[in-house]
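# Fold and geometry: a report
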Amino acid sequence: QVQLVESGGGLVQAGGSLRLSCAASGSTFGPNTMGWYRQAPGKQRELVANITSGGTTNYADSVKGRFTISRDGRKNVLYLQMNSLKPEDTAVYYCNFRRVWRGDAYWGQGTQVTVDS
């Protein structure tokens, strides 16, 4: 089992910045991909960005150039630096951990990000 705890959400003005964190604990061994997803009211959950344990990153087009995903492998912490926030970034942001080779995936409880215009 893997436990994920997110933090760092909140209310921010358009153009502002927030940094999300996700602490992973438990059986986190082996190659994996960690990512951030978000879900706005009435919409499906969507990928924001992910990063492999080898450091390869992937971003949704809507956040490229504004968001940066990173991870501290030693501390098992995932980050999302969000700059130039827009009202359309408002959503609940979820941390995800998955291992294709093991066939498992885990979600955090989510953290609310609200961008006020």
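I will try to describe carefully the structure that is included in this document. Treat the numbers as computed from the prediction; the structure is a model and nothing was measured.

Here we take up the side chain of D104. Within the secondary structure layout, D104 lies in strand β10 (residues 104-107). Here the side chain of D104 touches R99 through a polar contact of 2.5 Å, side chain to side chain. When sequence neighbours within four positions are dropped, the list of residues in contact with D104 reads F97, R98 and R99.

Looking now at the nonpolar core. With 29 residues, the main nonpolar core has L4, W36, L80, M82 and Y93 as its most contacted residues. Going through the elements one at a time, β1 (2-7), β3 (18-26), β4 (33-39), β5 (46-52), β7 (67-72), β8 (77-82), β9 (91-99) and β11 (111-116) are the ones with two or more residues in this core. Dropping the residues within four chain positions of it, Y93 is found in contact with E6, L20, W36, Y37, R38, V48, F67, L80, M82, G110, T111 and V113.

A separate point is the pairing of β1. Two faces, one strand: in a regular strand the side chains alternate between the faces of the sheet. Here β1 shows one buried face, formed by V2, L4 and E6, and one open face, formed by Q3, V5 and S7. Where β1 meets β3, six bridges bridge the pair, whose relative direction is antiparallel. Across the sheet, V5 pairs through a bridge with A23, a residue of β3.

For D116, the position within the fold is in strand β11. With near-sequence residues (within four places) excluded, D116 lies in contact with L11, V12, Q13 and A14.

Right, let's talk about the packing of aromatic side chains for a bit. If you walk through the whole model with that rule in mind, you get four aromatic pairs. A ring pair is formed by Y94 and W107, whose centres lie 6.4 Å apart and whose planes are at 90°; its orientation type is edge-to-face. Here the residue Y94 occupies a position in strand β9, and W107 occupies one in strand β10, the gap between them amounting to 13 residues. Exposure remark for Y94: the relative accessible area of 14% places this residue in the buried category. Their ring planes at 50° and their centres at 6.4 Å tell us that F97 and Y106 sit as a pair that is tilted. Within the aromatic cluster, the residues linked to one another by ring pairs are Y37, Y94 and W107. Directly above the aromatic system of Y94 lies the positively charged group of R45, at a separation of 3.7 Å from the ring centroid. For the cation-ring pair, R99 lies above F29, with the distance from its terminal atom to the ring centre recorded as 5.0 Å.

Cut-offs used in this document
- Residues numbered from 1 in each chain as written.
- Predicted model: local features only at pLDDT ≥ 70, side-chain atom pairs only at ≥ 80, totals over all residues.
- Heavy atoms only, no water.
- Helix = DSSP H or I, 4+ residues; strand = E, 2+ residues; numbered from the N terminus.
- Polar contact = N/O pair within 3.5 Å; in protein donor to acceptor, adjacent residues only side chain to side chain.
- Contact = heavy atoms within 4.5 Å.
- Core = buried A, V, L, I, M, F, W, Y, C linked by side-chain atoms within 4.5 Å.
- Buried < 20%, exposed > 50% of the residue type's maximum accessible area, 1.4 Å probe, protein only.
- Pairing = 2+ DSSP bridges.
- Phe/Tyr/Trp six-rings, centres within 6.5 Å; stacked < 30°, edge-to-face > 60°.
- Lys NZ or Arg CZ within 6 Å of the ring centre and 35° of its normal.

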